[in-house]
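Listed here are the chains, written in short residue letters.
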Amino acid sequence: MDFKWTAHRFSGGTLALDVANSVILRTAADRSIDRFAEPEQLDAFAAAAMRLCAEPLPALVPPTVQDRASFLALREAIDRYFRRRIEGMDDPVLLADLLDTAARVLRAAHDESGLATSTARSALRLATRPDDGRLKICPNCGWLFLDRSKNKSRMWCDMTVCGNRRKASRHYRRTKDEGPR
Ligand SMILES: [Zn+2]
């Protein structure tokens, strides 16, 4: 496999959202890919996150086999709660689910600097952030991200990937529409 945890895959701006974004095209069931489906990717992700995540992180120990399910449950709760919130609905039930899954991970913590506990702490920090319009959904790929730019002007998770791809497809459509039938 030539798959790599590149800087692009850490466009979320926080560990919690980078973890949520490990599912590619989450909203398109037929094309969706779970990058954590292969357990060894958790090790690779943890190693890359220490270098590439926008949040300063301790050394991240990947979850043990027993803790994997609760980590993935946390990932899903993060995506559900924040996606809904960005869409304009701060759903108390989804927030409760997020807190429950985070609590489960924190209670089972064997290692203070585990990937799972760091993700839970990151999600809690994000959940208690004031709403300042910085939480966004990339209109091209559907990833969640925290816009850390000075004037909150970021539109894409990653301009060099999603911004350009969108521009290219628009250009393609335009030239196709204008071309001979
Ligand atoms: Zn994107």
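These lines cover the structure that appears in this document, whether it is placed above or below. All values derive from a computational prediction rather than experimental measurement. (Residues numbered from 1 in each chain as written. Predicted model: local features only at pLDDT ≥ 70, side-chain atom pairs only at ≥ 80, totals over all residues. Heavy atoms only, no water.)

1. Considering the coordination of the zinc ion
Working step 1: At the metal site, the zinc ion is ligated by C138 (SG), C141 (SG), C157 (SG) and C162 (SG), and these contacts range over 2.3 Å.
Working step 2: Sequence positions of the donors to the zinc ion reduce to the motif C-x2-C-x15-C-x4-C. With C141 in the loop between β3 (135-137) and β4 (144-146) and C162 in helix α6 (residues 159-178), the pair connects residues that are 21 residues apart, well separated along the chain. The burial state of C141 is the same as that of C162; both residues are buried. (Donors = N, O, S within 2.8 Å, 3.2 Å for Na, K, Ca; no water. Helix = DSSP H or I, 4+ residues; strand = E, 2+ residues; numbered from the N terminus. Buried < 20%, exposed > 50% of the residue type's maximum accessible area, 1.4 Å probe, protein only.)

2. Side note on the pattern of salt bridges
Working step 1: Within the structure shown, the criterion is met by 11 salt bridges.
Working step 2: The partner of E76 in a salt bridge is R26, and the shortest N-O contact between them spans 2.5 Å. Separated by 50 residues along the polypeptide, E76 in helix α3 (residues 68-86) and R26 in the loop between β1 (23-24) and β2 (33-34) bring together distant segments of the chain.
Working step 3: For E76, a relative accessible area of 23% translates into the label partly exposed.
Working step 4: Look at R26 and you get buried, because its relative accessible area is 19%.
Working step 5: In this structure, K136 and D147 form a salt bridge, with 2.7 Å as the shortest nitrogen-oxygen distance. Here K136, found in strand β3, pairs with D147, found in the loop between β4 and α6; they are 11 residues apart in sequence, far enough to count as distant.
Working step 6: Counted as one network, the salt bridges with shared partners bring together R26, D34, R75, E76, D79 and R83. (Salt bridge = Lys/Arg side-chain N within 4 Å of Asp/Glu carboxyl O.)

3. Quick word on the side chain of R85
Working step 1: Tracing the backbone shows R85 in helix α3.
Working step 2: Look at R85 and you get buried, because its relative accessible area is 8%.

4. What to know about the environment of R68
Working step 1: For R68, the position within the fold is in helix α3.
Working step 2: A relative accessible area of 24% means that R68 is categorised as partly exposed.
Working step 3: Spatially, the C-alpha atoms of R68 and A49 are 17 Å apart, while their sequence positions differ by 19 residues.
Working step 4: Here R68 is in contact with P39, L42 and P63, once residues within four sequence places are set aside. (Contact = heavy atoms within 4.5 Å.)

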